[in-house]
Amino acid sequence: IGHGICLGLAVLGINPDDCGLESTLDSDIEVLASNKDMAYQCLHQMAESSIGIEVSPTCNITLGGARSEQVLRKYVKEFLDTGVDVFVGTDDPGFLGTSLDQEAAILKGVDKG
């Protein structure tokens, strides 16, 4: 499962393997779709505990954490809608050829619902 959900599970003291979830780089939105109750519980706990998520859009898409910009925007919206703060960053801008402005532009238009 994605790093954000792993962190949420850790906050609750839950080992992902104990829930039958494999710790892989699958996108968080897939976890939300297949395990909504548990995932939302984790996300709400993260929000209540002021634990935010950092996303680096180009890196997330390049490494397969999200399959597309659309998928990335969808899971960022899920985080925002549950009250989890989202921070935009850029991983290795020299290698990925991106900037913080370009990363932010990928998420432009994603608002809390």
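This text follows the structure it describes.
Trainee: For this particular structure, what's the right way to read the overall build of the protein chain?
Mentor: Within the protein chain, the secondary structure is distributed over seven helices and two strands. Ordered by position in the sequence, the α and β elements of the protein chain form the string α-α-α-β-α-α-β-α-α. Among the 113 residues that make up the protein chain, the fraction classed as buried is 35%. For the protein chain, the share of sequence-separated contacts (at least 6 apart) that also reach a separation of at least 24 residues comes to 69%. Just so you have it, the protein chain exposes about 6,300 Å², and 50% of that area is on carbon and sulfur atoms.

Trainee: Can you help me understand the pattern of salt bridges in this one?
Mentor: Side-chain pairs of opposite charge can arise where the charged atoms are in close proximity. For the structure on display, the rule yields two salt bridges. Residue R73 pairs with E69 through a salt bridge whose shortest N-O separation is 3.5 Å. Of this pair, R73 and E69 both sit in helix 5 (residues 69–81), four residues apart, which is roughly one turn of the helix. Exposure remark for E69: the relative accessible area of 38% places this residue in the partly exposed category. Residue K77 is joined to D81 by a salt bridge in which the shortest nitrogen-to-oxygen separation is 3.1 Å. Residue K77 and its partner D81 are located together in helix 5, separated by four residues, close to a single helical turn. A relative accessible area of 30% places K77 in the partly exposed class.

Trainee: How should the environment of S49 be read in this particular structure?
Mentor: Mapped onto the fold, S49 is located in the loop between helix 3 (36–48) and strand 1 (53–55). Between the C-alpha atom of S49 and that of V84, which follows or precedes it by 35 residues, the distance is 9.3 Å.

Trainee: For this particular structure, what's the right way to read the packing of aromatic side chains?
Mentor: Each aromatic ring pair is characterised by the separation of its centres together with the angle its planes make. Per the stated rule, a full pass over the model turns up one aromatic pair. Note on Y75 and F79: the rings are 5.5 Å apart at their centroids and 85 degrees apart in plane angle, and the pair reads as edge-to-face. On the criterion of helical spacing, the pair formed by Y75 and F79 is a turn pair, its members being four residues apart in helix 5. F79 sits in the buried class, given a relative accessible area of 1%.

Scoring rules and cut-offs
Residues numbered from 1 in each chain as written. Predicted model: local features only at pLDDT ≥ 70, side-chain atom pairs only at ≥ 80, totals over all residues. Heavy atoms only, no water. Helix = DSSP H or I, 4+ residues; strand = E, 2+ residues; numbered from the N terminus. Buried < 20%, exposed > 50% of the residue type's maximum accessible area, 1.4 Å probe, protein only. Contact = heavy atoms within 4.5 Å. Areas by Shrake-Rupley, 256 points an atom, 1.4 Å probe, with all protein chains shown as cover. Salt bridge = Lys/Arg side-chain N within 4 Å of Asp/Glu carboxyl O. Phe/Tyr/Trp six-rings, centres within 6.5 Å; stacked < 30°, edge-to-face > 60°.

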